[in-house]
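This is what each chain is made of:
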Amino acid sequence: MTATREKRDPLARKRLRHVPMGLRSRAMHALSARAAQGRFVLQACTECGNVTYPPRDACPQCWGELSWQDQPDGGQVLCETTVRVSTDLYFRDHMPWRMGKVLLNAGPVALVHLHAALHPGDQTVVRMMIDRGGNAALFAIPAEGTDLMSDPQWREFVVPVEGRIALVSDARSAIGRAVVKELQARGAELVVAGLPGPSLAADANDAVFNLDRVQTIALDVTDATSVAEAASRIGGPLDIVVNTARHVRTGGVSANPGFVEQRRAFEVSAMGFSRLASTFAPILAGRPNGAFVDILSSSALCGEVHQAGFAAAEAARHSLLQSLRQEMRATGVRVMSVFTGPVEDADHQHVPPPKVAPSRIASSVVDALLNGREQTCVGDAAQDAMERWLTDPALFVREKNL
Amino acid sequence: MTAAQSLVADLATAIATGSVEIVDLTNVLSPDFPVIVLPSEFGQCEPFRMETVSRYDGSGPAWYWNNISMNEHTGTHFDAPAHWITGKDVPNGTVDAVLPRDFVHPVVVIDIAAEAAQDEDFIVTRPFLEAWERANGPIPPRHWIFLRSDWSKRVGTLSYLNLRDDGAHSPGPDADAMRFLVHDRDCVGLGVETVGTDAGMCSHFDEPFPAHSILHGNGRFGLQCLTNLDRLPTFGAVIVAMPLKIKGGSGSPLRVAAMIPRS
């Protein structure tokens, strides 16, 4: 692999990476769970209508019951301060750190992380981010037209793509090819495109694999040896892993089960996920902005009668993903889910539209990275599935399997 | 000592002293060894997979062992008659029922390396075999027929499976050649270096899959993914090929060895 590597003192001790404190109240975890979906929500009192922040268990004005509601994200910066000294290990690594108070258009005044370009009196948009410790945090950015990435404080909350090294686990599929193309176009230093066997002579002439800053590598997530060898061939730093591997086949449980395909779906989606994560997570953990992005089917949420094996494998993958996210909290590595419904590809020829274009999945992957969004739903089908599942999972499962 | 006793004792001595050389004709069974790729409407062959249970570690401090999985037709492997529909009713057609006396048979090695190098789709025909016999002598009955194509030298490269836009390209026999070998020469089976006993393009033949269809329909065997065939003499070597005793199995990965007399 020939990417330009940053210069590092070979004798320097490995730098320990810290994350912000993780301990939070239950109400705060409820906010984090919503922030992870990219929503800007605050609690509003069901009795007096007062909107409150930070999260609480009861309305501070009338003791009424609070409910989560999407809120306008605008506001005005009231004041700022720069923290230069802290006993917190994470913030000590990132001094100086700017914070400020913002009068939210939604009502409350909030203590926020402040973008370098903002000053008291400025109009601002407040983003509900997930910090490196996995908790919601408000970050005020200029209302328009600033290069957010120029602020090192902002970069702590997102995953830059430009100049980074990324691996795409299965680049042979339509999704995989689109992701390789997108990462390359968005300025990744090197995109390593994993190709499961059997290899084809035609791969050598493939336009995507011949792009500048793209290299192919043999990688089959069903084979632990192959994953280990791929890691050894990549060798050096790796910032981003995008897991595009999946095995979509039709088949039921009692009717037309297709055990060979069912087993393969589990080998790819579930066991493949574990093989990939166990090999690459330690490599990502050594990086300042490591991220593991997993593309999974929204049928992971509910099962799917005509693709029972695939949906079950994706459900297993979803479960493993949650465990990996928890394991990675202490390292600051972002674990991101990108849910999709049926894709416009060879695997979904039997499905009528609407289907999601692979290029749209690819741009959503990059969008999730650049915005530090933990959970993304691409396309109407996935968004609808997630909304219905969040609203009434029992009803959704029933409806999806009628 | 009876004649049979001294024969076996002499063989053991000859092997020990090297006057009978044992040559391994088996490829290494590894996860990256290619398996046959069928058109996408059919079920596919699983490659070899290995996961370590323990390696002198917490899961087994003093021992090393792996769980393995594969298709019956992965790596260097044996095809039993039941592998093909034509052989479904053949007596003793599954690997567990292969008679012990069929574990050991002499071999005739037909060299098609030059032809296969010239033409990746080289077809072994009956006229080719008859011309070969005129040059080399008749093929004796109850022998393995091995086709030395030097295809094993391609292992580790894309040109082994040799998949192109229109499918796989590799040499193999046509139906007349197979009928000649089975009915007129009473062969034990066909052994090849390629991933299948049939040619890469065999599904497009007038009689598709002739080797599988005719061999197995007549109770004969197949050996695939062999290597080191360039070390065998044309006549005079004996093959030891013992498939695993898989209950009702259609084939099996196995170790294949040749006994070669050295002068």
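Being a predicted model, the structure only gives us computed values, none of them experimental.

Looking now at the overall build of chain A. When helices and strands are counted, chain A shows 10 helices and 15 strands. By the compact-globule yardstick of 21 Å for 402 residues, chain A fits well, its C-alpha radius of gyration being 22 Å. Dimensions of chain A along its principal axes, counting C-alpha atoms only, are 65 × 60 × 35 Å. Out of the 402 residues in chain A, the part that is buried amounts to 44%. Taking the contacts inside chain A whose residues are at least 6 apart along the sequence as the reference set, 65% of them involve residues at least 24 apart.

Here we take up the sheet that holds strand β4 (residues 77–79) of chain B. All names here are of chain B. Across the sheet, which stays open at both edges, the 9 strands sit in the order β1-β15-β13-β5-β7-β11-β12-β4-β14 with mixed pairing between neighbours. Each end of this open sheet is capped by a strand with a single partner; those strands are β1 (20–24) and β14 (251–253). Averaged over neighbouring strand pairs, the angle between their axes works out to 25 degrees when direction is ignored.

Residue and element names in this part refer to chain B. The sheet contact formed by β1 and strand β15 (residues 256–261) spans 5 bridges and is antiparallel. When the sheet's bridge partners are listed, Asp24 is paired in β15 with Ala257. Two strands pair when backbone bridges link them, and strand β13 (residues 237–241) and β15 are joined in this way by 4 bridges, in the antiparallel orientation. Within the sheet, the bridge partner assigned to Val240 lies in β15 and is Ala257.

With that out of the way, let us pick up the interface of chain A and chain B. Each partner contributes to the interface: chain A provides 12 residues, whereas chain B provides 13 residues. Here the side of chain A that touches chain B takes 3 residues from helix α5 (residues 224–234) of chain A, the largest share from any one element. Along the lines of polarity and charge, the residues of the side of chain A that touches chain B split into 6 nonpolar, 5 polar and 1 charged.

With that settled, the discussion passes to helix α8 (residues 358–371) of chain A. All names here are of chain A. The first and last C-alpha atoms of α8 sit 20 Å apart over 14 residues, in line with the 20 Å expected at 1.5 Å per residue. Taken residue by residue, α8 has Pro358, Ile361, Ala362, Ser364, Val365, Val366, Ala368 and Leu369 as its buried positions. Tucked inside the fold, the buried residues of α8 contact α4 (174–185), β12 (240–243), β13 (291–297), β14 (334–340) and β15 (375–378). Gly372, located one to two residues past α8, shows a positive phi value of around 60 degrees.

All names here are of chain A. Assigned domains within chain A: domain 1 (26–155) and domain 2 (165–400). Here the C-alpha centroids of domain 1 and domain 2 sit 31 Å apart. Taken residue by residue, the interface counts 9 residues in domain 1 and 7 residues in domain 2. Its residues assigned to classes, the side of domain 1 that touches domain 2 comprises 3 nonpolar, 4 polar and 2 charged.

All names here are of chain A. Burial within strand β7 (residues 123–130) is extensive, with 6 of its 8 residues counted as buried. Relative to strand β8 (residues 136–142), β7 is paired through 7 bridges, and the arrangement is antiparallel. In the strand pairing of β8, Val126 is matched with Ala140. Linking two consecutive strands that pair antiparallel, namely β7 and β8, is a turn of 5 residues; a positive phi of about 95 degrees is found at Gly134 within it.

We now examine the packing of α4 of chain A against α8 of chain A. The description of two packed helices rests on the angle between their axes and on the distance between the axes. All names here are of chain A. For the pair α4 and α8, interaxial distance at closest approach is 8 Å and the crossing angle is 50 degrees. Judged by the inter-axis angle, α4 sits oblique to α8. The chirality of how α4 crosses α8 is right-handed. Listed contacts from α8 to Ala174, Ile175, Ala178, Val179, Lys181, Glu182 and Leu183 of α4 are Pro358, Ser359, Ile361, Ala362, Ser363, Val365 and Val366. Here the residues of the contact of α4 with α8 sort into 10 nonpolar, 2 polar and 2 charged.

On to α4 of chain A. Residues and elements named next belong to chain A. Helix length check: α4 (12 residues) gives 16 Å between terminal C-alpha atoms against 16 Å at 1.5 Å per residue, within 8%. Along α4, 10 of the 12 residues are buried, which leaves the element largely enclosed by surrounding structure. Where α4 is concerned, the buried positions are Ile175, Gly176, Arg177, Ala178, Val179, Val180, Lys181, Glu182, Leu183 and Gln184. Each element contacted by the buried residues of α4 is listed here: β9 (165–168), β10 (190–195), β11 (214–218), β12, β13 and α8. One or two steps after α4, the chain reaches Gly187, where phi turns positive at roughly 95 degrees.

Residue and element names in this part refer to chain A. The sheet built from 7 strands is open, its strands ordered β11-β10-β9-β12-β13-β14-β15 with parallel pairing. A single partner strand is all that each edge strand has here, and the edge strands are β11 and β15. Neighbour to neighbour, the strand axes of the sheet diverge by 20 degrees on average, direction disregarded. By the bridge criterion, 4 bridges tie β14 to β15 in an arrangement that is parallel. What sits directly across from Phe339, in β15, is Cys377. Together, β13 and β14 form the strand contacts of helix α7 (residues 308–328), whose direction differs from that of β13 by roughly 160 degrees.

Looking now at the nonpolar core. In terms of nonpolar packing, the biggest core is built from 103 residues, with Ala140, Ala166, Val191, Val293, Ile361 and Val365 of chain A touching the most fellow members. A domain split of this core shows at least three residues from each of domain 1 (26–155) and domain 2 (165–400) of chain A. The contact partners of Val293 of chain A, leaving out residues within four places of it in the chain, are Ile240, Val242, Asn243, Met336, Val338, Val365, Ala368 and Leu369 of chain A. Counting residues in hydrophobic clusters, the runner-up holds 51 residues, among them Ala80, Val108, Leu129 and Val182 of chain B.

Glancing now at the packing of α5 of chain A against helix α6 (residues 259–285) of chain A. Residue and element names in this part refer to chain A. Their axes nearest at 9 Å, the elements α5 and α6 cross at an angle of 20 degrees. In terms of axis orientation, α5 runs roughly parallel to α6. The handedness of the crossing between α5 and α6 comes out as right-handed. Residues Ala224, Val227, Ala228 and Ala231 of α5 form the contact with α6, whose own contacting residues are Arg275, Leu276, Thr279, Phe280 and Ile283. For the contact of α5 with α6, a count of residues per class yields 7 nonpolar, 1 polar and 1 charged.

Take unusual backbone geometry next. Each neighbour pair has its own omega, and for Gly197 of chain A with Pro198 of chain A the value is -5 degrees, a cis peptide bond. Mapped onto the elements, Pro198 of chain A comes out in the loop between β10 and β11. Residue Pro354 of chain A is reached from Pro353 of chain A by a cis peptide bond, and omega for that bond is 5 degrees. If you trace the backbone, Pro354 of chain A turns up in the loop between β14 and α8. Of note in this structure, Asn92 of chain B is not a glycine but carries a positive phi near 55 degrees. Along the chain, Asn92 of chain B turns up in the loop between β4 and β5 (104–111). The phi dihedral of Asp150 of chain B falls on the positive side, at around 65 degrees, and the residue is not glycine. Turning to its location among the elements, Asp150 of chain B is positioned in the loop between β7 (144–148) and β8 (163–164). Judged by C-beta crowding, with 16 C-beta atoms within 10 Å, Asp150 of chain B ranks as partly exposed.

The rules behind each value
Residues numbered from 1 in each chain as written. Chains lettered and ligands numbered in written order. Predicted model: local features only at pLDDT ≥ 70, side-chain atom pairs only at ≥ 80, totals over all residues. Helix = DSSP H or I, 4+ residues; strand = E, 2+ residues; numbered from the N terminus. Rg over C-alpha atoms; globule rule 2.2 N^0.38 Å. Buried ≥ 20, exposed ≤ 12 C-beta atoms within 10 Å, placed from the backbone. Contact = placed C-beta atoms within 7 Å. Pairing = 2+ DSSP bridges. Axes fitted to C-alpha atoms, helices over the stretch in contact; angles between N-to-C directions. Nonpolar A, V, L, I, M, F, W, Y, C, P; charged D, E, K, R; others polar. Expected span 1.5 Å × (residues − 1). Domains from an automatic or database assignment. Parallel < 35°, antiparallel > 145°, perpendicular 65-115°, else oblique. Left-handed = near helix turned anticlockwise from the far one by under 90°. Core = buried A, V, L, I, M, F, W, Y, C linked by C-beta atoms within 7 Å.

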